[in-house]
Amino acid sequence: MSAKATIRIDTFKAEQRISRHIYGQFAEHLGRCIYDGIWVGPDSKVPNINGYRKDIVDALKAIKIPNLRWPGGCFADDYHWRDGIGPRDKRPRTVNIHWGNYVEDNSFGTHEFMDLCELLGCDPYIAFNVGSGSPTEMRAWLEYMTFDRDSSLALERKKNGREKPWKLPFVGIGNENWGCGGDMTPEFYTNLFNQFRVFARDFGPNHPIRIACGPNVEDYNWASVVLKNGRGVQGLSWHYYTHYPNWQTKGAALADDVDSWQGMLEQALRIDKILTRADAIMDSADPENRIGLYFDEWGTWHRTEHGDSALYQQSTIRDALVASVHFDIFHKHCRRLRMTNIAQTVNVLQAMILTEVGGQNRMVLTPTYHVFDLYKVHQDATYLPATVVANDYVVGGRKIAGVSASASRSEDGNVNLSITNLHHEDGVDIDVEVAGVTRVSGKILTSATLNAHNTFDKPSEVKPTGFDGASVKGGTVRVSLPARSVVTLTLS
Ligand code: AHR
């Protein structure tokens with residue numbers, strides 16, 4: 001069965017830009033994200049570039065990764081940067097208290113992270129330690145990384161192999177300080193933010209944006225307090241994870257029932273309400289739109305597969321659609337939203353890439369990775385409002401939108417339109433109204449089953465293919481989308 005829908009793209013309201021940073025990533029010292037994930041070390045038999053898995057580097061470049069947030073997460077507020085510099089075999093062995101008390105050998109530290117960002121061609125975003133650190137420690141780390149003259153710390157950096165200072169455009173002052181980052185009240189945190197911010201200096205030509213720790217989900221009071229009492233806040237972070245049925249009883253990553261399918265998508269769509277409230281709070285505190293919203297953790301969080309502290313999960317077509325509806329909503333809020341970071345890049349939560357255990361060669365790109373690929377045309381493009389009229393998608397008594405979409409104009413003048421059909425079994429025929437289009441082409445991501453996913457043995461079960469379900473007639477674009485699918489069309 002196919003439902004009917006329309007999408008109208010307003011090409012005359014081209015006012016906002018979709019920052020490429022909305023497509024940001026997050027890599028924490030957690031489970032196998034860094035070790036046995038991105039970082040295998042230069043002596044590994046896995047093909048690598050100075051210790052970074054080559055296949056991962058290539059895959060992340062292919063989706064134009066714009067930034068990478070590090071070292072956490074909760075890990076950030078127990079991280080002491082001096083543990084991760086100097087000869088690797090002399091670095092201390094510390095305990096990762098947040099993620100299973102494993103012994104961290106600190107072989108991946110400042111140089112390894114900043115050099116990785118250079119290799120990927122992306123901007124580094126570092127979350128500094130407010131929970132158990134000090135302004136002195138943060139200030140010294142900033143000087144070490146970014147000072148361009150001959151202070152002792154800059155000389156130490158040079159001695160450790162890096163002559164030129166790095167550029168660090170994004171500085172997070174703490175992470176989840178309402179929870180794992182120190183269990184603080186918003187008032188207490190804001191006082192600490194003010195203190196730390198004074199010492200988060202520009203060294204030489206580096207002018208980082210200082211991002212305050214924002215709330216979890218719908219703790220709007222936290223946001224209001226930080227914005228009211230914080231001085232020099234240039235960005236406010238925010239976190240929201242999608243889980244179903246709830247935080248305490250997370251479902252299986254490979255669930256294949258209709259209730260879990262639609263329930264998860266309903267939870268994903270909640271991000272619109274959160275961003276609408278966030279916009280309102282920020283508009284009232286900062287009507288000139290100077291403070292950016294940095295949604296620096298989002299994504300699906302299912303029941304864990306490899307022990308509670310590793311947060312390894314499979315990623316299915318359902319996760320892919322969670323990502324695509326997030327991006328449509330992120331685009332809609334791009335006036336205030338300057339960055340988002342999916343959690344996390346490799347082997348943790350809603351990962352782009354899964355690697356085989358134990359430094360083996362095989363890796364897979366997840367369906368979520370393919371959504372990042374389909375949507376990369378929207379990076380730094382001009383946002384075009386798209387109005388969707390479609391039937392609700394109803395399961396039991398629960399009603400959600402049946403179709404999600406967003407559009408932008410890229411530099412070459414083409415309009416790129418992404419559409420998701422959320423329905424688990426019905427297709428949808430869509431008329432797209434957009435001025436001056438004569439040609440359409442596109443790619444689609446869909447699947448045979450509700451929990452289709454890629455494995456090391458079958459890495460191409462879910463991957464984009466050419467889309468022949470769209471045509472242009474008399475100025476209208478007709479699109480036939482199968483159930484559970486996402487497409488990106490280029491209209492010219
Ligand atoms: O992404 C996993 C964890 O989720 C992060 O460490 C923390 O910030 C959040 O609670």
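Residues numbered from 1 in each chain as written. Predicted model: local features only at pLDDT ≥ 70, side-chain atom pairs only at ≥ 80, totals over all residues. Heavy atoms only, no water.

Draft legend 1. Quick peek at the pattern of salt bridges. In this structure the tally under the stated criterion is 29 salt bridges. R139 serves as the salt-bridge partner of E143, at 2.7 Å between the closest nitrogen and oxygen. Separated by 4 residues within a single helix, E143 and R139 lie in helix α3 (residues 135-146), roughly one turn from each other. In this structure, R398 engages D259 in a salt bridge whose closest nitrogen and oxygen atoms are separated by 3.1 Å. Linking R398 in strand β19 (residues 398-401) with D259 in helix α7 (residues 258-285), this pair joins segments that are 139 residues apart in sequence. Here the salt bridges do not stand alone but share partners, grouping R17, R20, D123 and D380 into one network. (Salt bridge = Lys/Arg side-chain N within 4 Å of Asp/Glu carboxyl O. Helix = DSSP H or I, 4+ residues; strand = E, 2+ residues; numbered from the N terminus.)

Draft legend 2. Expanded view of the site of the ligand. Close to the ligand lie 13 residues; E28, C74, E176, Y241 and E297 are nearest. Contact distances for the ligand include 2.8 Å between an oxygen atom and a side-chain N or O atom of Y241. E297 is positioned such that a nitrogen or oxygen atom in its side chain is 2.7 Å from an oxygen atom of the ligand. Relative to its unbound accessible surface of 280 Å², the ligand loses 93% to contact with the protein. When its residues are assigned to classes, the shell around the ligand shows 7 nonpolar, 3 polar and 3 charged. (Near = heavy atom within 4 Å. Polar contact = N/O pair within 3.5 Å; in protein donor to acceptor, adjacent residues only side chain to side chain. Areas by Shrake-Rupley, 256 points an atom, 1.4 Å probe, with all protein chains shown as cover. Nonpolar A, V, L, I, M, F, W, Y, C, P; charged D, E, K, R; others polar.)

Draft legend 3. Region of interest: the sheet that holds strand β1 (residues 2-9). One open sheet holds the 5 strands; their spatial order is β17-β1-β22-β26-β25, and the pairing between them is mixed. Of all the strands in the sheet, just β17 (386-390) and β25 (470-473) have a single pairing partner and so form its edges. Here the strands of the sheet are splayed against their neighbours by 20 degrees on average, with no regard to which way each runs. Across 7 bridges, the pairing between β1 and strand β22 (residues 427-433) is parallel. The partner of A3 across the bridge, within β22, is V428. (Pairing = 2+ DSSP bridges. Axes fitted to C-alpha atoms, helices over the stretch in contact; angles between N-to-C directions.)

Draft legend 4. Representation of the pairing of strand β10 (residues 209-212). One ladder, built from 4 bridges, connects strand β9 (residues 170-173) with β10; its direction is parallel. Of the residues in β10, the one forming a bridge with V171 is R210. Crossover connection from β9 via helix α5 (residues 186-199) to parallel β10: handedness right-handed. In terms of strand pairing, β10 meets strand β11 (residues 235-242) through 2 bridges, oriented parallel. Bridging from a neighbouring strand, A212 pairs with L236 of β11. (Right-handed = clockwise from strand over helix to strand, strands pointing away.)

Draft legend 5. The arrangement of the state of the cysteines in detail. Under the criterion given, the structure shown has 1 disulfide. Its sulfur unpaired, C213 is 8.8 Å from the next cysteine sulfur, which belongs to C180. (Disulfide = S-S within 2.5 Å.)

Draft legend 6. Seen up close, helix α1 (residues 54-62). For α1, the set of buried residues is I56, V57, A59 and L60. Seen from one end, α1 has its buried residues packed into an arc of 165 degrees, which puts them on one side. Tucked inside the fold, the buried residues of α1 contact β3 (48-49), β4 (52-53), α2 (110-120), β14 (353-355), β15 (363-365) and α9 (367-375). Trailing α1 by a residue or two, K64 shows a phi angle of about 55 degrees, which is positive. (Buried < 20%, exposed > 50% of the residue type's maximum accessible area, 1.4 Å probe, protein only. Arc of directions from axis to C-beta. Contact = heavy atoms within 4.5 Å.)

Draft legend 7. Structural view of empty space enclosed by the protein. Evaluated as defined, the whole model comprises 2 cavities of 30 Å³ or more. Of the voids in this model, the largest cavity is the one considered here, and its volume is about 50 Å³. If you go around the largest cavity, the residues you meet are Y79, W81, F128, N129, S134, E137, M138 and W141. At 3 residues, α3 tops the list of elements feeding residues into the lining of the largest cavity. Tallied by class, residues from the lining of the largest cavity come to 5 nonpolar, 2 polar and 1 charged. Along the wall of the second largest cavity there are 13 residues; nearest its centre are G174, A212, C213, S237 and D296. Those elements that place two or more of their residues in the lining of the second largest cavity are β9, β10 and β11. Partitioning the lining of the second largest cavity into residue classes produces 5 nonpolar, 5 polar and 3 charged. (1 Å grid on protein atoms, 1.4 Å probe; cavity = no way out; pocket = protein on both sides within 12 Å on 5 of 7 lines; lining within 4 Å. Points joined across faces, edges and corners; volume = space filled by probe spheres on them.)

Draft legend 8. Main features of unusual backbone geometry. With an omega dihedral of 10 degrees, the bond running from G72 to G73 counts as a cis peptide bond. Within the fold, G73 resides in the loop between β5 (67-70) and β6 (94-96). The omega torsion across Y244 and P245 is 5 degrees, close enough to zero to call that bond cis. In this structure, P245 sits in the loop between β11 and α7.

Draft legend 9. Representation of the sheet that holds strand β13 (residues 337-343). The parallel closed barrel is built from 8 strands, whose spatial order is β2-β5-β8-β9-β10-β11-β12-β13. Between one strand and the next, the sheet's axes are offset by a mean angle of 25 degrees, whatever the strand orientation. Here 2 bridges tie strand β2 (residues 24-26) to β5, and the two strands are oriented parallel to one another. Its bridge partner lying in β5, Q25 is registered against L68. Against the sheet, α2 touches β5 and β8 (123-128), its axis set at about 150 degrees to β8.

Draft legend 10. Quick peek at helix α6 (residues 220-229). By the burial criterion, the buried members of α6 are Y220, W222, A223, V225, V226 and L227. Each element contacted by the buried residues of α6 is listed here: α5, β10, β11 and α7.

Draft legend 11. Highlighting the environment of G41. Secondary-structure assignment places G41 in the loop between β2 and β3. For the pair G41 and T340, spaced 299 residues apart in the sequence, the C-alpha separation amounts to 29 Å. In this structure, G41 is in contact with N48 and G51, ignoring residues within four places of it in sequence.

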